[in-house]
Amino acid sequence: MLKAFELIRPSNLAEALAAVASGATPLAGGTDLLVRMKKGMLAPKKIVDLSGLKELSEIKEDEENIILGSLVTHGDVVDSELTNNYLPLLVQGCRTVGSPQIRNTGTLGGNIVNASPAADSVPPLVALGAKVVLSSVNGEREMKLQEFLAGPGKTLKRPDELLTSIVVKKMKPEERCLYRKLGQRKSLAISIASVAVKFGFDPETKKCSNPGVAFGAVGPVVRRAVELERLLEQKKLDQQAIKEIASKAREFCDPISDIRASAEYRREMCCSLLYEALYELTC
Amino acid sequence: MSEFRWVGKAFPRIDGRDKATGVAKYVTDRVFPNMLWGAVLRSRYPHALIKGIYTSRAEASQGVVAVLTHKDVPGLNAFGIINQDQPVLCKDKVRYLGDSVALVLAESKECAYNALDLIEVDYEPLPVVSDMEDALQTDVKVHEKGNIIEHVRITKGDVEKGFREADLIVEETYYTPRQMHTFLETEGGVATIDEDGNITVFAGSQYPNRDIIQIARSLNYPMEKIRVIAHYIGGGFGGKDEITAQILLALGTLKTGRPVKIVWNREESLIAGQKRLPMKITLKTGVTKDGKLLANKARIIADNGPYTCLGSAIMKLAVEHASGPYYVPHTDLEGFSVYTNNCIGSAFRGFGATQATFAIECQLDLISKKLGIDPLELRLKNALRNHQSANLGHIPSPSVGIAETLETLKNHDLWKNKGYYLKTDRPYLKRGIGLACSHQGCGLGSFFPDYGAATIILLPGGKFTLKIGCPDIGQGNGTAFVMIASEVLCCNPEDIELEIGDTRSTPDSGSTSASRTTYTGGRAIIEAGNKMKANLFAEASRMLGVPPDSLELRPHCVAVKDSDLKVTYAEIAERLSKENRFLECYSRFDWPTADLEFKEALGLPHFIYSYISEMALVEVNVLTGEVSVLKAVVSPDAGRIINRQGLEGQAEGGTVMGMGYALMEEIRQVDGQYMNKDLSTYIIPTAQDAPEIETVPVEKYEVSGPFGAKGIGEAVCNPITPAVINAIKNALGISITKIPATPEDIYFMAKKEFDLLRS
Ligand SMILES: Cc1cc2nc3c(=O)[nH]c(=O)nc-3n(C[C@H](O)[C@H](O)[C@H](O)COP(=O)(O)OP(=O)(O)OC[C@H]3O[C@@H](n4cnc5c(N)ncnc54)[C@H](O)[C@@H]3O)c2cc1C
């Protein structure tokens, strides 16, 4: 049951930053935070409700990047023309989150800061080399998302900071991508394992360029499998090669056993999901 | 044109709009002024002695009005439909983590739950009985009298002779999981007491009249002063057949004089609520080389958890259904239901037939594979026919439709053009088709009184009130009742006002369980309706001055045959009112029973069965072990269909529920502890997981049924589980004997065959 708390409703980002500086816990969609509070795992005294902040809810573009406000919901990503044109991999990831209700409430910022290894927007963002922008009353800093994620439930965000936006390089029209999630059922499922893959591909030569591969739910944090990316670039991606590369995926994960799956199954699933993705993207 | 105005048509739910718009209030939604909240302290250990319970700190806590323990139970501190072995509030022992140790009553839900932490209980933990085979051997006793609740063995013919004559004997052991009903509305309700001491309990209940007996016994209180209302209910599926919160609700209001509400939260429902009980079923089946079943021997153990509830009856139904809807000359069927310190096992849609169906239908697929006989032909060859002796040696009512349901599947495109449906365009996707049959005894079986009753009253304006006890727990029997009454009384369903599930105003019509209410209630309604009809004829005959046998019913009126002369129901009602009279007709109906009874297995056998066959098309991803059920075709034989829409709803809901049982649903327990405690780890199918479901009914007329109907609420849950499993086996050529078959299980089983990454 929820314990009583003070609720701050800022009318702009500056007020919100002041509130977190004073120790308030940020609330975005609340789909992670409120669940924990109801279970008694957290009992913040002060909460700052970000949900009214229009400036954090936009999806914008510049020459090279798509800039996603931290309050952009999974549903926004699925619906937006900009993300569909330039970040189809992220769209695929967000489409697998929860149910329509959760997608319309849960935000990218919440998904990232909550830092679950199973967060479904994160493998696409990491594979795409996304950066996060953090703000506080003292200013702004930017870092790679992969570095920002420090462990299960842990990030490098300082208590007085808000995640304000996520900056992602636009994908090129010729790039192919796939987010493959394995859950215990077809929707409203927490990932047992997942993989985000993207690369440019020449069907004639079967050579790939500019690859990005990241696994979800199979280690303490989502991270890029740089070694696999290198292999993808080196090889001609025929049947034999994709099997070989996929078989190596088990070496790039460090899974745990839990109620949803054993570590061994998760390890094998890295190979399986990568193989399926490579098969779909190259055959 | 059909001979019926309503029966057999697709008719929308009478309560559909109110439920969809939220107008309908579930029992746990009810709120009363000055109402207290109750919270139950559950056990800390799966098995322990209680050395002391200290409530003073909790009593002093903010908002707390009372903390009740075993000392406050005025009557028998035990309940149970079969054995009264479950304490209302535990005194000296706890036997599972869901046990109720104390009840806090407080001004708010928060105050009530907060106070739970302040109750101190001294426990002395005991060794835990967690394995059902172990329960038979161990010295650790869950109850004084030992761990065996009931043991039955029923034989027919000479099973050893059958095995001697058999060309093939197949032996295998099957395991089924603990499944949760996962109803929308968890267990609970609200109770009130008036200044004369009349207690009203609004509760999620499948049999309010029986609740009164159990409440009165534990409260040592007159039954006449207790009323239970079970309407509206957000799902039952068997999980609200036995007492859940009713006694504590009544006790709370009795002790405080104030309204009391208790609603189990989802985790409580998972831990304390009743579940489908896990079984281990070993089958040894003998068959001739051309596929005739000769002998079937079954040994069944059911993990009943700490209290009997309906568990021993469920084990007996598993025994009764262990050879499937087939003619088998020689059987030897044995079952044990045992106490453990796991979650309570009790009624769940299918009531033991579900577990038995999984075992025998997997067994038949094994036989079909070994003999190289088509699985459908094998079943058709052995399908029980009218007048043949069933599993336990009795002759069921001659409405045995199993062969017809199989013929329906045989003629379906999915079966005829298997090759087409089995193709996939990916090397890692494999498809398979599987099928299974099942049957389900309707009603309570032999020995137990099984009756229904209904009252119909003619209202001013020419409408009717229909009163009937057995609640509508969400499955739509209320709609079927109204359709049946409209049919008999030749009026529109809007002209029938239904009152249901209230011990004060509706006649006892038995429990809403055992695929029994449409049949029982329907018969009672027809008979009450016929009495009403005779009365209407008598009044009309007087008013029109013609003999009653010259009359017939036309919509809303009694008319003279072949004439325009008529008198409307409204006119009859008006006339009666002027004469200071009214028409009320009551009728009771008793079930027919089988030609056999087993003194050592009370309740067995049943006389009337519903039959069903179902096939499933699945696609397995061998890279991950994921299974997609793409299509299910279900052919139920529920006798004459009353409401086509209701039947399809049952067939679809049952299919999804049984599919969840096959693939994902399980409460996993280790040493009496729960490995999954909430809906993020107890996984049920979503709409995205549900296949396309086609229902092609067979209507095998049941002479004793209302317009020829039987029951269907449970059978729909049975065949899909083995159908899905058989389809997976068909796709991969592997053997599966344990459900749920999760992707991880299937992946590792399939890996040897299909290691795509290594080949
Ligand atoms: C039923 C259900 C199903 C779900 N299914 C999925 C799923 O399939 N896949 C998946 O990935 N997730 C799933 N989730 C988890 C959750 O919905 C997502 O992680 C969601 O994106 C969280 O966003 P939110 O806005 O609700 O975060 P909140 O709950 O509001 O916040 C989460 C955390 O982030 C912090 N925070 C939020 N925004 C900021 C910010 N801008 N700056 C700094 N800190 C911030 C909060 O303080 C809190 O600690 C599910 C949740 C539920 C309840």
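Numbers given to residues run from 1 along each chain, matching the order in which its sequence is written. Just so you know, chain letters begin at A and ligand numbers begin at 1, following the order they were written in. For a predicted model such as this one, the threshold for reporting local features is a pLDDT of at least 70, and the threshold for listing and counting side-chain atom pairs is 80 or more; totals across whole chains, interfaces and linings nevertheless cover every residue. Where side-chain values are given, they derive from all heavy atoms of the structure, hydrogens and water being excluded.

Draft legend 1. Here's a closer look at the overall build of chain B. Each helix is a run of H or I in the DSSP string that is no shorter than four residues. Each strand is a run of E no shorter than two, and both are numbered from the N terminus. Along its length, chain B carries 20 helices and 30 strands. Relative to the compact-globule value of 27 Å for 759 residues, chain B shows a C-alpha radius of gyration of 27 Å, a close match. With respect to the three principal axes, the spread of C-alpha positions in chain B is 90 × 75 × 50 Å. Remark: exposure states derive from per-residue accessible area (1.4 Å probe, protein chains only) relative to the maximum for the residue type, with buried under 20%, exposed over 50%, and partly exposed in between. Classification of the 759 residues of chain B by burial places 65% in the buried group. The contact rule is simple, with two residues in contact once any of their heavy atoms fall within 4.5 Å. Counting contacts in chain B only where the partners sit at least 6 residues apart, residues at least 24 apart contribute 80% of the total. Just so you have it, chain B exposes about 26,400 Å², and 50% of that area is on carbon and sulfur atoms. A positive count includes Lys and Arg, and a negative count includes Asp and Glu. His and the chain ends are not counted in either. A charge is said to be at NZ when it belongs to Lys, at CZ for Arg, at CG for Asp and at CD for Glu. Taking the average place of the 82 positive charges on the side chains of chain B and the average place of its 94 negative ones, the gap between the two points comes to 2 Å. Each radius of gyration reported is based on C-alpha atoms, and the globular scaling rule is 2.2 Å times the count of residues to the power 0.38. Areas reported here follow the Shrake-Rupley algorithm with a probe of radius 1.4 Å; residue values treat only the protein chains shown as occluding.

Draft legend 2. Local environment of the domain arrangement of chain B. Residue and element names in this part refer to chain B. Domain parsing of chain B yields domain 1 (27-126 + 187-263), domain 2 (279-445 + 597-758) and domain 3 (451-590). Centre-to-centre, using C-alpha coordinates, domain 1 lies 39 Å away from domain 3. The interface of domain 1 with domain 3 comprises 18 residues on the first partner and 15 residues on the second. Salt bridge, as used here: a side-chain nitrogen of Lys or Arg that lies within 4 Å of a carboxyl oxygen of Asp or Glu. There are one salt bridge connecting domain 1 and domain 3. What qualifies as a polar contact is a pair of N or O atoms within 3.5 Å, subject to a donor-acceptor requirement within protein and to the restriction that residues adjacent in sequence count only when both atoms come from side chains. Run the count over domain 1 and domain 3 and you get six residue pairs in polar contact (both at pLDDT 80 or more). If you list the elements that add at least two residues to the side of domain 1 that touches domain 3, you get helix 6 (208-219) and strand 11 (226-229). Residue classes follow a fixed rule: Ala, Val, Leu, Ile, Met, Phe, Trp, Tyr, Cys and Pro count as nonpolar, while Asp, Glu, Lys and Arg count as charged, and any other residue, Gly among them, counts as polar. In terms of residue class, the side of domain 1 that touches domain 3 is made up of nine nonpolar, seven polar and two charged. An automatic or database domain assignment provides the domain bounds reported here.

Draft legend 3. A look at helix 20 (residues 743-751) of chain B. Inspection of helix 20 of chain B places Pro743, Glu744, Ile746, Tyr747, Ala750 and Lys751 of chain B among the buried residues, and these make up the whole buried set. One side of helix 20 of chain B carries all its buried residues, which in axial view fall inside an arc of 165 degrees. Considering only its buried residues, helix 20 of chain B is in contact with helix 12 (263-282) of chain A together with strand 26 (609-621), strand 27 (626-637) and helix 19 (720-732) of chain B. Regarding the arc, it is the one traced by the directions from the helix axis to the C-beta atoms.

Draft legend 4. Region of the structure containing the sheet that holds strand 4 (residues 59-61) of chain A. Residues and elements named next belong to chain A. Taken in spatial order, the five strands make up an open sheet running 4-5-10-6-7, and their pairing is antiparallel. The open sheet has two free edges, formed respectively by strand 4 and strand 7 (139-144), since each of these has just one partner strand. Each strand of the sheet is rotated relative to its neighbour by a mean of 25 degrees, with strand direction disregarded. Bridge analysis of strand 5 (residues 65-69) against strand 10 (residues 162-169) gives five bridges, and the strand direction is antiparallel. The residue bridging Ile67 from the neighbouring strand is Val167, located in strand 10. Here an angle of 0 to 180 degrees is reported between the N-to-C directions of two axes, which are lines fitted to C-alpha atoms, with helices fitted over the stretch in contact. Most of the contacts of helix 1 (residues 13-21) go to strand 10, to which it runs at about 120 degrees, and overall it touches strand 6 (131-136) and strand 10. Pairing between two strands requires that DSSP report at least two bridges joining them.

Draft legend 5. Inspection of the site of the ligand at higher detail. All names here are of chain A. Residues in contact with the ligand amount to 30 residues; listed here are only the nearest, Pro26, Gly29, Thr31, Asp32 and Thr107. Between an oxygen atom of the ligand and a main-chain N or O atom of Gly30, the distance comes to 2.7 Å. Contact distances for the ligand include 2.6 Å between an oxygen atom and a side-chain N or O atom of Thr107. Contact with the protein chains removes 87% of the 980 Å² of surface that the ligand exposes when unbound. Throughout this document, a residue counts as near a molecule or strand when at least one of its heavy atoms sits within 4 Å of that molecule or strand.

Draft legend 6. Geometry of the state of the cysteines. Two cysteine sulfur atoms make up a disulfide if the distance between them is within 2.5 Å. Under the defined criterion, the tally for this structure stands at zero disulfides over all chains. Cys208 of chain A carries a free sulfur, and the closest cysteine sulfur to it, the one in Cys177 of chain A, is 13 Å from it. Summary of cysteine pairing: Cys557 of chain B is not part of a disulfide, and the nearest cysteine sulfur, belonging to Cys490 of chain B, is at 7.4 Å. On the accessibility criterion, Cys557 of chain B (6% relative accessible area) is buried.

Draft legend 7. Broad picture of the pattern of salt bridges. This structure, assessed with the given rule, holds 54 salt bridges over all chains. Residues Glu597 of chain B and Lys599 of chain B are paired through a salt bridge, measuring 3.7 Å at the closest nitrogen-oxygen approach. You can call Glu597 of chain B partly exposed: its relative accessible area is 41%. When its relative accessible area of 66% is taken as the criterion, Lys599 of chain B is described as exposed. Residues joined in a network through salt bridges with shared partners are Arg250, Glu264, Arg267 and Glu268 of chain A together with Lys751 of chain B.

Draft legend 8. Structural detail: a positive patch on the surface. All names here are of chain A. A cluster of basic residues, Lys131, Lys144, Lys169 and Lys172, forms a positive patch at the surface. Within the fold, Lys172 resides in the loop between strand 10 and strand 11 (175-182). By relative accessible area, Lys172 is classed as partly exposed at 44%. In this analysis, a patch consists of residues with relative accessible area above 30% that form no salt bridge, clustered at 9 Å for like charges and at 5 Å for the nonpolar side chains Val, Leu, Ile, Met, Phe, Trp and Tyr.

Draft legend 9. Representation of the sheet that holds strand 2 (residues 25-27) of chain A. Residues and elements named next belong to chain A. Strand order across the open sheet formed by three strands is 1-3-2, with parallel pairing between neighbours. Each of the sheet's edge strands pairs with one partner strand only, and the pair in question is strand 1 (6-8) and strand 2. Strand after strand, the sheet turns through a mean of 30 degrees between neighbouring axes, direction not considered. As paired strands, strand 1 and strand 3 (residues 46-49) are joined by three bridges and run parallel to one another. Bridge assignment links Ile8 to a residue of strand 3, and that residue is Val48.

Draft legend 10. Broad picture of the domain arrangement of chain A. Residue and element names in this part refer to chain A. One can read the domain layout of chain A as domain 1 (6-49), domain 2 (54-169) and domain 3 (175-282). On a C-alpha basis, the centroid separation for the pair domain 1 and domain 2 is 18 Å. Contacts between the two partners involve 13 residues from domain 1 and, on the opposite side, 16 residues from domain 2. The quantity reported as buried area is the accessible area (1.4 Å probe) lost by two parts once they are put together, taken as the sum for both. Of the roughly 1,100 Å² buried at the junction of domain 1 and domain 2 (both faces included), carbon and sulfur atoms supply 70%. Summed over the shared surface of domain 1 and domain 2, the number is zero salt bridges. Our count for the contact surface shared by domain 1 and domain 2 stands at two residue pairs in polar contact (both at pLDDT 80 or more). At six residues, the largest contribution of residues to the side of domain 1 that touches domain 2 is made by helix 1. Tallied by class, the residues present in the side of domain 1 that touches domain 2 amount to eight nonpolar, three polar and two charged.

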